[in-house]
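Chain by chain, the residues run as shown.
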Amino acid sequence: MNEQVEEKCLTWPEKLVKARHTWKDDNGRRMVHYELPGGREELMEEYDISSLSLIARKYRWQSRIGAWSPWQFEIGEASSTTTVTSDMRENIANPVCVRRDDTEFFVWRIRNLPYPRSNYDVKVDAQKRKIIVRTVNHKFYKELPMPDMDRMQLDVAQDGLGVTHANNTLVIKYRKPKYIVELERLLRMEVQGLPDKEAKQEKEMMESVTKMMENVMKRPANPSQAIMR
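Residues numbered from 1 in each chain as written. Predicted model: local features only at pLDDT ≥ 70, side-chain atom pairs only at ≥ 80, totals over all residues. Heavy atoms only, no water.

Here we look at the sheet that holds strand 9 (residues 130-135)
Part 1 of the argument: A sheet is described by the order of its strands in space; here 3 strands give the open sequence 8-9-10, paired in antiparallel fashion. Edge strands, defined here as strands with exactly one partner in the open sheet, are strand 8 (120-125) and strand 10 (141-145). If you compare each strand with its neighbour and ignore which way they point, the axes differ by 15° on average.
Part 2 of the argument: Relative to strand 10, strand 9 runs antiparallel, the two sharing 5 bridges. Note that in strand 10 the partner of isoleucine 131 across the bridge is leucine 144. (Pairing = 2+ DSSP bridges. Helix = DSSP H or I, 4+ residues; strand = E, 2+ residues; numbered from the N terminus. Axes fitted to C-alpha atoms, helices over the stretch in contact; angles between N-to-C directions.)

As for the pairing of strand 12 (residues 169-175)
Part 1 of the argument: Counting buried residues in strand 12 gives 5 out of 7 residues, a clear majority hidden from the surface.
Part 2 of the argument: Two strands pair when backbone bridges link them, and strand 7 (residues 105-111) and strand 12 are joined in this way by 7 bridges, in the antiparallel orientation. Pairing of valine 107 across the sheet is with lysine 173, part of strand 12.
Part 3 of the argument: Hairpin connection between strand 11 (residues 161-166) and strand 12: a loop of 2 residues separates the two successive antiparallel strands, and asparagine 167 in this loop has a positive phi of roughly 55°. (Buried < 20%, exposed > 50% of the residue type's maximum accessible area, 1.4 Å probe, protein only.)

Some thoughts on empty space enclosed by the protein
Part 1 of the argument: Counted by the stated rule, this structure contains 2 cavities of 30 Å³ or more.
Part 2 of the argument: Within this model, the largest cavity holds a volume of roughly 120 Å³.
Part 3 of the argument: In terms of lining residues, the largest cavity is bounded by Trp12, Leu16, Leu43, Glu45, Arg57, Asp148, Arg151, Met152, Ile180, Leu183, Glu184 and Leu187.
Part 4 of the argument: The set of elements that each furnish at least two residues to the lining of the largest cavity consists of helix 2 (12-18), strand 3 (41-48), helix 3 (147-151) and helix 4 (178-193).
Part 5 of the argument: It is helix 4 that contributes the most residues to the lining of the largest cavity, 4 residues altogether.
Part 6 of the argument: Residue classes in the lining of the largest cavity are distributed as 7 nonpolar, no polar and 5 charged. (1 Å grid on protein atoms, 1.4 Å probe; cavity = no way out; pocket = protein on both sides within 12 Å on 5 of 7 lines; lining within 4 Å. Points joined across faces, edges and corners; volume = space filled by probe spheres on them. Nonpolar A, V, L, I, M, F, W, Y, C, P; charged D, E, K, R; others polar.)

Structural notes on the pattern of salt bridges
Part 1 of the argument: One pass over the full model with this rule turns up 19 salt bridges.
Part 2 of the argument: In this structure, the salt-bridge partner of arginine 185 is glutamate 182, at a minimum N-O distance of 2.7 Å. Residue arginine 185 and its partner glutamate 182 are located together in helix 4, separated by 3 residues, close to a single helical turn. (Salt bridge = Lys/Arg side-chain N within 4 Å of Asp/Glu carboxyl O.)

A short note on the pairing of strand 4 (residues 54-61)
Part 1 of the argument: Relative to strand 4, strand 3 is paired through 7 bridges, and the arrangement is antiparallel. Considered in strand 4, the bridge of glutamate 42 is made with arginine 60.
Part 2 of the argument: Taken together, the 3 bridges between strand 4 and strand 5 (residues 72-75) define a ladder with antiparallel strand orientation. Each bridged residue has a counterpart across the sheet, and for lysine 58 the counterpart in strand 5 is phenylalanine 73.

Comments concerning the confidence of the model for the protein
Part 1 of the argument: In this model, the protein carries a mean pLDDT of 82, and residues with pLDDT of at least 70 account for 75%.
Part 2 of the argument: Residue range residues 80-90 is modelled with pLDDT below 50. Its contacts to residues more than four positions away, or to other chains, number 3 contacts.
Part 3 of the argument: Within the model, pLDDT remains below 50 along residues 197-208, and this stretch shows 26 contacts once partners closer than five positions in the same chain are excluded. (pLDDT = per-residue confidence, 0-100. Contact = heavy atoms within 4.5 Å.)

Brief notes about the sheet that holds strand 7
Part 1 of the argument: Strand order in the open sheet formed by 4 strands is 6-7-12-11, with antiparallel pairing between adjacent strands. Looking at the sheet topology across the chains shown, the edges are occupied by strand 6 (96-99) and strand 11. Neighbouring strand axes in the sheet, compared pairwise and without regard to direction, differ in orientation by 15° on average.

Some thoughts on the nonpolar core
Part 1 of the argument: Formed by 37 residues in total, the largest nonpolar core has its most connected members in Ile131, Ile172 and Tyr174.
Part 2 of the argument: Examining the composition of this core, we find that 5 residues originate from one element, helix 4, more than from any other.
Part 3 of the argument: Setting aside residues up to four positions removed in sequence, isoleucine 131 forms contacts with Trp108, Val122, Lys123, Val124, Lys142, Glu143, Leu144, Met146, Leu161, Ile172 and Tyr174. (Core = buried A, V, L, I, M, F, W, Y, C linked by side-chain atoms within 4.5 Å.)

The following block contains the structure:
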């Protein structure tokens, strides 16, 4: 019981530090697996080894009865394994939303949206803690969660949002707070430091991440920047 209470009190950086980390390399990509404290949450991240850009991140959790949820992609997308037959054709005109971040912004790209920029209403819903995307002509509606902000217990605001539209693609950007930028920088440093030899074998991640994350673990000095549990 005490371990469960301690687990709930951990900040997200603390969970990453205390997690069991394993990794492996495959086809120019470095995949890092986090088994979070308590053993009921798992996180997988996939990096491009040459650029250290984050290609994919997925998360799953275990219910109280022991069943694992499907992997939920937060960044990137699952590879399609559907076989298309003559009796079944995928509608390639349907909108497709994929999140692929850069170092300063969370970035979502929604393809196959032909309407002009003036037809999109994109706002941050502070209560839902999501970005709401809708069209004036009521043809499209989507909610974009921001799990990174939830985990770090940071407020969301409209002034962090930017929207552009070109080539039938709506691009939505939300500026990352400095706490998340710093955390991701330290994680990239740790991923880069993993040795390349014996790449096919899983290895424990280096313990130095504990020290590197000390500053990130500190709560925001301004109470308005943090969300109370």
